[in-house]
Amino acid sequence: MNKFWDDILENIDDTYFIGSMVVYKGDRSKVFVVDGQQRLTTIAILLCALREGFKSIGATDLAEGIQTYIQQRDRDARTVYVLKTETSFPYLQEEVLKDGPATITTRFGDEERAIERAFSEFKKKIAEGADAIFGNLERTPEENKSEVKRWLTDIRDTVLDLNVIVVTLDNESDAYTIFETLNTRGKDLALTDLLRNHFKRMIDEGTEVDHATLKWRSVIETIRGAPSNLDPDEFVVHSWQSRYDFVTKAKAFAKAKERIVDANAEEHLNRFLSDAEHWRSIFDPDFSWNGSEKEVVKSLRALRIFKVKQSAPGVLSLIRAYRDGIIRYRKLRDAIKMIEKFHFTFNAVTSSRSSGGISGMFASFGKQVFNCRDAEAVDQVLRDLKVKLRSRVADPDEFDANFRQITFTRGQTSQKELIRYILKKVQKEEGSPTVGESDDLTIEHLLPQSSDRDASTVGQIGNLILVDKETNDRLADKDFNEKKLILAGKGYRLPEMLTEVVDLTDEVIEKNTLRISELSRSRVWRI
């Protein structure tokens, strides 16, 4: 939008080319826009902002002149807007295109917010330009007003005289074919845009309301509504992998285009619609889960800590099977817990890498679950997955060596959330009591960070414990024996290895780290 504004100002009294647009003929004098909707909408918004600019200086005749490009009368003398949109209807029409206050309440989503920002920004730029002209003290107020009028008129004429190549086709199918061909030779089109256009072609209900586009908009809004930055294209890939083919983003549309035809397009679109909520709930655990499903939420949060996505197609299929009533909650909980344990060992601790093997394995698993029609069939698929996951777990020596490298100090904080996760699990396994809510617990170094010991030792898990903030403040930089007394008084219980020693040496910390590592791989995260 800002670039468009700058280009308009730079090309006043000159030719400004805005590229090509692809349209196809409708009934009577209508044309339907396949490629160019965003540019046309932006132009319309700018014209409306100029209309408001003319009104602000009392040039109502020029404001009305612009409005004739925005709305006209049809052959039945009804007032209609030249630009008709469905996805932003009726917000665009009521709040921007209409010359006057809105008369109905409109829904407000991502697209409406974008339109509001664009309209406000254009009006702001026009007001700033006008203020700068009115600020010229060498001219009279009337002369400045005339200069503002001339400036706005120049912008208007530049917008209305834009040059564009319009490719007009006789039907929608040909238009989309040309559209996709043009884009394959230029900037890559988003996968979600390609699919939206394909669904629009396949689902022709013969009505003015484009239900396919509206449903696809709901898919995108669900994904983009997450607090974290989720990629709608990645969702499409994972959804497709969980049902059909293990494809890359680059090849996903070609595969989808082959499978999605007139006869099944509605079914596929509805599946994407429901999958969008399931997929978002993997990466946004606060979305769609209830209090009775908190164990699944904990596992999903763990996967977020591990920063893994390879298993998303498999997890998506499990959630889908649960929501569709094929498996019960307990089966879902145990399955995702197993995946959590695998990723803890494979990714979080040993940082293992695979050349697509893990992603392919989970995509295949997801496809198998999708094809299951009852819980018994899912059980067999889960048993097979369990065997595969166990075969990929690191050997004990590799696990222990990498576990020792997980540290937390003032200078090394990148693994803080992972260490909190590990300590909570281990302390729960050992029956170690804690004070306060688990989310409020802080990491305490038994051997203070202020000691002269090497940070690689002080930061090890064998020197760390989770305590409530009040206890953490009391412990401060006290020596180890004082800390033991305070912890005992508050009800915390240290492992026997630590309670029996007076001096917390490097060797003791190393041994405790190894003890926790063995406990982790043999019990806590054993698949």
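Residues numbered from 1 in each chain as written. Predicted model: local features only at pLDDT ≥ 70, side-chain atom pairs only at ≥ 80, totals over all residues. Heavy atoms only, no water.

## What about the overall build of the chain?
Then, number 1: Summing up its helical and strand segments, the chain has 24 helices and 7 strands in all.
Then, number 2: Here the C-alpha radius of gyration of the chain, 31 Å, is well above what a compact globule of 527 residues would show, namely 24 Å.
Then, number 3: Oriented by its inertia axes, the alpha-carbon framework of the chain measures out at about 90 × 65 × 40 Å.
Then, number 4: By residue count, 47% of the 527 residues in the chain fall in the buried class.
Then, number 5: If you take every contact in the chain between residues at least 6 apart in sequence, the share linking residues at least 24 apart comes to 67%.
Then, number 6: Between the mean site of the 81 positive side-chain charges and the mean site of the 88 negative ones, the chain shows a separation of 5 Å. (Helix = DSSP H or I, 4+ residues; strand = E, 2+ residues; numbered from the N terminus. Rg over C-alpha atoms; globule rule 2.2 N^0.38 Å. Buried < 20%, exposed > 50% of the residue type's maximum accessible area, 1.4 Å probe, protein only. Contact = heavy atoms within 4.5 Å. Lys, Arg positive; Asp, Glu negative; His and termini not counted. Charge placed at Lys NZ, Arg CZ, Asp CG, Glu CD.)

## Let's talk about the packing of aromatic side chains
Then, number 1: Counted by the stated rule, this structure contains 23 aromatic pairs.
Then, number 2: Their ring planes at 40 degrees and their centres at 5.6 Å tell us that Phe199 and Trp216 sit as a pair that is tilted. Here Phe199, found in helix H8 (residues 191-202), pairs with Trp216, found in helix H9 (residues 211-224); they are 17 residues apart in sequence, far enough to count as distant. Of the two residues, Phe199 and Trp216, both sit in the buried class. (Phe/Tyr/Trp six-rings, centres within 6.5 Å; stacked < 30°, edge-to-face > 60°.)

## Looking at the nonpolar core
Then, number 1: Of all hydrophobic cores here, the largest spans 103 residues; its most connected members are Phe199, Phe344 and Ile422.
Then, number 2: When residues in this core are grouped by element, the largest group, 11 residues, is from helix H15 (residues 329-349).
Then, number 3: Those residues within four positions of Phe199 in sequence are excluded, and the remaining contacts are Ala212, Trp216, Ile260, Ala265, His268, Leu269 and Phe272. (Core = buried A, V, L, I, M, F, W, Y, C linked by side-chain atoms within 4.5 Å.)

## Structural notes on the environment of Lys55
Then, number 1: Locating Lys55 in the fold gives a position in helix H2 (residues 37-56).
Then, number 2: Judged by relative accessible area, which is 34%, Lys55 ranks as partly exposed.
Then, number 3: Taking the C-alpha atoms as reference, Lys55 lies 40 Å from Pro227; in sequence the two are 172 residues apart.
Then, number 4: If near-sequence neighbours (up to four positions away) are discounted, Lys55 is found in contact with Ala63 and Asp99.

## Digging into the pattern of salt bridges
Then, number 1: Under the criterion given, the structure shown has 44 salt bridges.
Then, number 2: Taking the shortest distance from any N to any O, the salt bridge between Asp170 and Lys25 comes out at 3.5 Å. Highlighted residues: Asp170 in the loop between strand S5 (163-169) and helix H7 (172-184) and Lys25 in strand S1 (residues 17-25), separated in sequence by 145 residues.
Then, number 3: When its relative accessible area of 57% is taken as the criterion, Asp170 is described as exposed.
Then, number 4: Residue class for Lys25 comes out partly exposed when judged on its relative accessible area of 48%.
Then, number 5: Between Asp473 and Lys469 there is a salt bridge whose closest N-O contact spans 3.2 Å. (Salt bridge = Lys/Arg side-chain N within 4 Å of Asp/Glu carboxyl O.)

## Details of the pairing of S1
Then, number 1: Pairing between S1 and S5: 6 bridges, direction parallel. By the bridge assignment for S5, Ser20 is matched with Ile165.
Then, number 2: With 4 bridges joining them, S1 and strand S2 (residues 31-35) adopt antiparallel strand pairing. Bridge assignment links Lys25 to a residue of S2, and that residue is Val31.
Then, number 3: Hairpin connection, S1 to S2: the antiparallel pair is bridged by 5 residues, and Arg28 has positive phi, about 55 degrees. (Pairing = 2+ DSSP bridges.)

## Observations concerning H15
Then, number 1: If you check H15, its first and last C-alpha atoms are 28 Å apart, about what 21 residues at 1.5 Å a residue would give, namely 30 Å.
Then, number 2: Of all the bends in H15, the largest measures some 35 degrees and sits at His343.
Then, number 3: Most of H15 is tucked away, with 16 of its 21 residues classed as buried.
Then, number 4: Residue Ser351 follows H15 closely and has a positive phi angle near 50 degrees. (Expected span 1.5 Å × (residues − 1). Bend = angle between axes of the 7 residues up to and from the residue.)

## With respect to the sheet that holds S5
Then, number 1: What the 3 strands build is an open sheet, ordered S2-S1-S5; its pairing is mixed. The outermost strands of the open sheet, each flanked by one partner alone, are S2 and S5. On average, each strand axis in the sheet is tilted by 35 degrees relative to the strand beside it, whichever way the strands run.
Then, number 2: Strand contacts of H2: S1 and S2, with the helix running at about 110 degrees to S1, the strand carrying the most contacts. (Axes fitted to C-alpha atoms, helices over the stretch in contact; angles between N-to-C directions.)

## A few points about the packing of H15 against helix H19 (residues 416-429)
The relative placement of two packed helices comes down to the angle between their axes together with the axis-to-axis distance.
Then, number 1: Close contact between H15 and H19 brings their axes to 13 Å; oriented N to C, the two are set at 125 degrees. Classified by the angle their axes make, H15 and H19 are oblique. The way H15 lies across H19 gives a crossing that is left-handed. Note on element contacts: H19 touches H15 through Leu418, Tyr421, Ile422 and Lys425, opposite Lys337, Glu340, Phe344 and Ala348.
Then, number 2: Here the contact of H15 with H19 is composed, by residue class, of 5 nonpolar, no polar and 3 charged. (Parallel < 35°, antiparallel > 145°, perpendicular 65-115°, else oblique. Left-handed = near helix turned anticlockwise from the far one by under 90°. Nonpolar A, V, L, I, M, F, W, Y, C, P; charged D, E, K, R; others polar.)

## Some details on H2
Then, number 1: In a regular helix each residue adds 1.5 Å, so 20 residues correspond to 28 Å; H2 covers 29 Å between its end C-alpha atoms and thus fits that length.
Then, number 2: Just past H2, the residue Gly58 takes up positive phi, approximately 80 degrees.

## Description of the confidence of the model for the chain
Then, number 1: For the chain, the average pLDDT comes to 90, and 95% of its residues sit at 70 or higher.
Then, number 2: No element of the chain has a lower mean pLDDT than H7, at 67, and none a higher one than helix H14 (residues 312-323), at 98. (pLDDT = per-residue confidence, 0-100.)

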